[in-house]
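Each chain is listed here by its residues.
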Amino acid sequence: SQQIQFADDMQEFTKFPTKTGRRSLSRSISQSSTDSYSSAASYTDSSDDEVSPREKQQTNSKGSSNFCVKNIKQAEFGRREIEIAEQDMSALISLRKRAQGEKPLAGAKIVGCTHITAQTAVSLILVWAVCDLCMALGSCVRVFVELAKQERALPSPANSKDAPVLSGVAVFAWKGESEDDFWWCIDRCVNVDGWQANMILDDGGDLTHWVYKKYPSVFKKIRGIVEESVTGVHRLYQLSKAGKLCVPAMNVNDSVTKQKFDNLYCCRESILDGLKRTTDVMFGGKQVVVCGYGEVGKGCCAALKALGAIVYVTEIDPICALQACMDGFRVVKLSEVIRQVDVVITCTGNKNVVTREHLDRMKNSCIVCNMGHSNTEIDVTSLRTPELTWERVRSQVDHVIWPDGKRVVLLAEGRLLNLSCSTVPTFVLSITATTQALALIELYNAPEGRYKQDVYLLPKKMDEYVASLHLPSFDAHLTELTDDQAKYLGLNKNGPFKPNYY
């Protein structure tokens, strides 16, 4: 087979424990319907199982207890979800077939921090398939999940018909983790007797931060870091600027295949899904303010506008602000519209975008949610005061009640709306997952000296390769340049077609 080659070229989480356990729909339906219904749409948490997963003794079908999930018995449910996801992730399956014989990650020991979904499972199968040393060591790929994500989609892939492939993936994750649970999961993934990671796959920078602070000797032996989020990339650049980044890192967040697809198209669809599932709101005529007009904000605004909402935009960047104006949105300061809007959506990746002052001035029944990366955009901590009453309406939906009776509808306690309250489009996640996998392969196989102790953008050739893998799903056919045309444009006929700064 042809070898794949590429051109040379502590945020804190405000987490509060909630009742965990098996979720069921608030309306009366059969058990079989509950099992087949997406966990993201479950509305209430029953109390039939309030025991922390950390206190449970669970064993999978292979006799291993090297994992911590809520309920290992739901592994078959996870397998069915994975099979559905695979149908819309053909590019990732294709990459797995191409790379499986070459084992480009042979010897890699990957510790990861990502969202545990069926789509993530498909990505893990790829990494496992091209990482033959993992097969020998058993549990080489260790993954934990942030609080926002539903774990039911991948309770444990080890107890499935793909057990020979996935039995070495140790998953430490469950929905409803406390902050202590969150960091415990990280530590269980890093601090392992007889096993030491040499690659980091991160989404948010918390895993990288933990290894850097708690296990500096491990951090120095890491061969590469692949980071997906704006928050994590920002942390990496801070480390690099301070001269403390002692390993090369790949900035996946700013890759074309992440920014132009995951951030835009994923959010364009999932924003409506999350709001509908949690609030049943009708968008026609509603006044909505979207904070931030980057790719995420653009996707959210386009979806809301299409359903008839009146959309305002807040921005700090004059270029993004001008884009919003020319797309037909009024650019305002949040304080100018906070009393009149029906929905507030944050999409900035910043902190304290919506403050207690804003929350105090909101009208009754205003819906507040976050589509940015972390839970820092909405100052939820300021709402944890004696004069305010919290009332759980359904899973991921709280009424925060002021002394005068005003209610603000807070979704997912300020965490990511689409990951907490809905699902995300599988096809778009395939693009991101393929990019991450290729970034791992590139960093791990790069000859000494190609990447120094710094943060790098993905080679455009790699972005274009990811895109080309997904074109067959649309029966798309690329036009080829003639020799004369390629010479005229100063390009290689086979790419890359985009400059490095694109």
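Computed from a predicted structure; not experimentally measured.

### Remarks on the overall build of the chain
For step 1, the next point in the chain: Across its full length, the chain carries 19 helices and 17 strands.
For step 2, the next point in the chain: For the chain, the exposed surface amounts to about 21,700 Å²; the carbon and sulfur share of it is 50%.

### Quick look at the UniProt feature "binding site: substrate" (unreviewed entry) in the chain
For step 1, the next point in the chain: Using the residue numbers shown here, the UniProt feature "binding site: substrate" (unreviewed entry) corresponds to Thr117, Asp203, Glu228, Lys258 and Asp262.
For step 2, the next point in the chain: As for its position among the elements, Thr117 is in the loop between β3 (110-113) and α4 (118-129).
For step 3, the next point in the chain: In this fold, Glu228 is placed in the loop between β7 (224-227) and α10 (230-241).
For step 4, the next point in the chain: In this view, Glu228 contacts Asp202, Asp203, Val252, Asn253, Lys258, Asp262, Thr432 and Gln436; residues no more than four positions away in its chain are not counted.

### Regarding the environment of Asn494
For step 1, the next point in the chain: You can see Asn494 is positioned in the segment after α19 (483-489).
For step 2, the next point in the chain: Considering only alpha carbons, one finds Asn494 and Lys461, 33 residues apart in sequence, at a separation of 9.2 Å.

### A short note on the pairing of strand β14 (residues 389-394)
For step 1, the next point in the chain: Strand direction decides the pairing type here: β14 and strand β15 (residues 397-401), joined by 5 bridges, are antiparallel. Considered in β15, the bridge of Arg394 is made with Val397.
For step 2, the next point in the chain: Here β14 folds back onto β15 in antiparallel fashion, the turn holding 2 residues, of which Gln396 has a positive phi close to 70°.

### Observations regarding the sheet that holds strand β10 (residues 310-314)
For step 1, the next point in the chain: Reading across the sheet, the 8 strands line up as β11-β10-β9-β12-β13-β16-β15-β14 and stay open at both edges, with mixed pairing between neighbours. Each end of this open sheet is capped by a strand with a single partner; those strands are β11 (330-331) and β14.

### Brief notes about the pairing of β7
For step 1, the next point in the chain: In β7, alternate side chains face the same way, and those of Gly224 and Val226 on one face and Ile225 and Glu227 on the other are all buried.
For step 2, the next point in the chain: Here 3 bridges tie β7 to strand β8 (residues 249-251), and the two strands are oriented parallel to one another. Each residue of the ladder has a partner; that of Ile225, found in β8, is Ala249.
For step 3, the next point in the chain: Traced from β7 through α10 to β8, the parallel crossover comes out right-handed.

### Observations concerning the confidence of the model for the chain
When pLDDT is low, close inspection of the predicted coordinates is not appropriate.
For step 1, the next point in the chain: Of the residues in the chain, 82% reach a pLDDT of 70 or more, and the chain-wide mean stands at 81.
For step 2, the next point in the chain: Below a pLDDT of 50 lies the segment residues 1-48, which in the model reaches 105 contacts outside its immediate sequence neighbourhood of four places, other chains included.
For step 3, the next point in the chain: pLDDT under 50 marks residues 132-167. Its contacts with residues more than four places away, or in other chains, come to 150 contacts.

### Thoughts on the side chain of Asp206
For step 1, the next point in the chain: Inspection of the secondary structure puts Asp206 in helix α8 (residues 206-214).
For step 2, the next point in the chain: Engagement of the side chain of Asp206 in a polar contact is seen with the side chain of Arg235, the distance being 3.4 Å.

### What about the packing of aromatic side chains?
For step 1, the next point in the chain: Applying the stated rule across the entire model yields 9 aromatic pairs.
For step 2, the next point in the chain: An angle of 80° between the planes, with centres 4.8 Å apart, marks the rings of Phe182 and Trp183 as edge-to-face.
For step 3, the next point in the chain: For Phe182, a relative accessible area of 0% puts it in the buried group.
For step 4, the next point in the chain: Note on Trp183: relative accessible area 11%, which makes it buried.
For step 5, the next point in the chain: An aromatic cluster is built from Phe172, Trp174 and Trp184, whose rings are joined through pairwise contacts.
For step 6, the next point in the chain: Directly above the aromatic system of Tyr444 lies the positively charged group of Arg223, at a separation of 4.0 Å from the ring centroid.
For step 7, the next point in the chain: If you follow Lys498 out to its NZ or CZ, it ends over the ring of Tyr502, 5.1 Å from the centre.

### Some thoughts on unusual backbone geometry
For step 1, the next point in the chain: Geometrically, the link from Gly495 to Pro496 is a cis peptide bond, its omega value of 5° lying close to zero.
For step 2, the next point in the chain: Looking at where Pro496 falls in the secondary structure, it is placed in the segment after α19.
For step 3, the next point in the chain: Phi is positive for Asp280, which is not a glycine, with a value near 60°.
For step 4, the next point in the chain: The topology assignment puts Asp280 in the loop between α11 (256-279) and β9 (287-291).
For step 5, the next point in the chain: One non-glycine residue, Asp475, lies in the positive phi region at around 55°.
For step 6, the next point in the chain: Relative to the helices and strands, Asp475 resides in the loop between α18 (460-470) and α19.

### As for the environment of Tyr465
For step 1, the next point in the chain: Within the element layout of this structure, Tyr465 appears in helix α18.
For step 2, the next point in the chain: Exposure remark for Tyr465: the relative accessible area of 19% places this residue in the buried category.
For step 3, the next point in the chain: A C-alpha to C-alpha distance of 9.5 Å links Tyr465 and Gly495, two positions 30 residues apart in sequence.

### Quick look at the pattern of salt bridges
For step 1, the next point in the chain: All told, the structure shown has 17 salt bridges when counted by the stated rule.
For step 2, the next point in the chain: Of the charged contacts, one joins Lys260 and Glu295 as a salt bridge, the two residues approaching to 3.5 Å between their closest N and O atoms. Pair noted here: Lys260 is in helix α11 and Glu295 is in helix α12 (residues 295-306), with a separation of 35 residues, a long-range link.
For step 3, the next point in the chain: Relative accessible area serves as the criterion here: at 15%, Glu295 is assigned to the buried category.
For step 4, the next point in the chain: Residue Lys493 is joined to Asp483 by a salt bridge in which the shortest nitrogen-to-oxygen separation is 3.1 Å. Of this pair, Lys493 sits in the segment after α19 while Asp483 sits in helix α19, placing them 10 residues apart in sequence.
For step 5, the next point in the chain: Salt bridges linked by common partners bring Arg384, Arg392, Asp398, Glu413 and Arg415 together as one network.

What counts, and where the lines are drawn
Residues numbered from 1 in each chain as written. Predicted model: local features only at pLDDT ≥ 70, side-chain atom pairs only at ≥ 80, totals over all residues. Heavy atoms only, no water. Helix = DSSP H or I, 4+ residues; strand = E, 2+ residues; numbered from the N terminus. Areas by Shrake-Rupley, 256 points an atom, 1.4 Å probe, with all protein chains shown as cover. UniProt positions renumbered as here; feature names shortened; annotations may be inferred. Contact = heavy atoms within 4.5 Å. Pairing = 2+ DSSP bridges. Buried < 20%, exposed > 50% of the residue type's maximum accessible area, 1.4 Å probe, protein only. Right-handed = clockwise from strand over helix to strand, strands pointing away. pLDDT = per-residue confidence, 0-100. Polar contact = N/O pair within 3.5 Å; in protein donor to acceptor, adjacent residues only side chain to side chain. Phe/Tyr/Trp six-rings, centres within 6.5 Å; stacked < 30°, edge-to-face > 60°. Lys NZ or Arg CZ within 6 Å of the ring centre and 35° of its normal. Salt bridge = Lys/Arg side-chain N within 4 Å of Asp/Glu carboxyl O.

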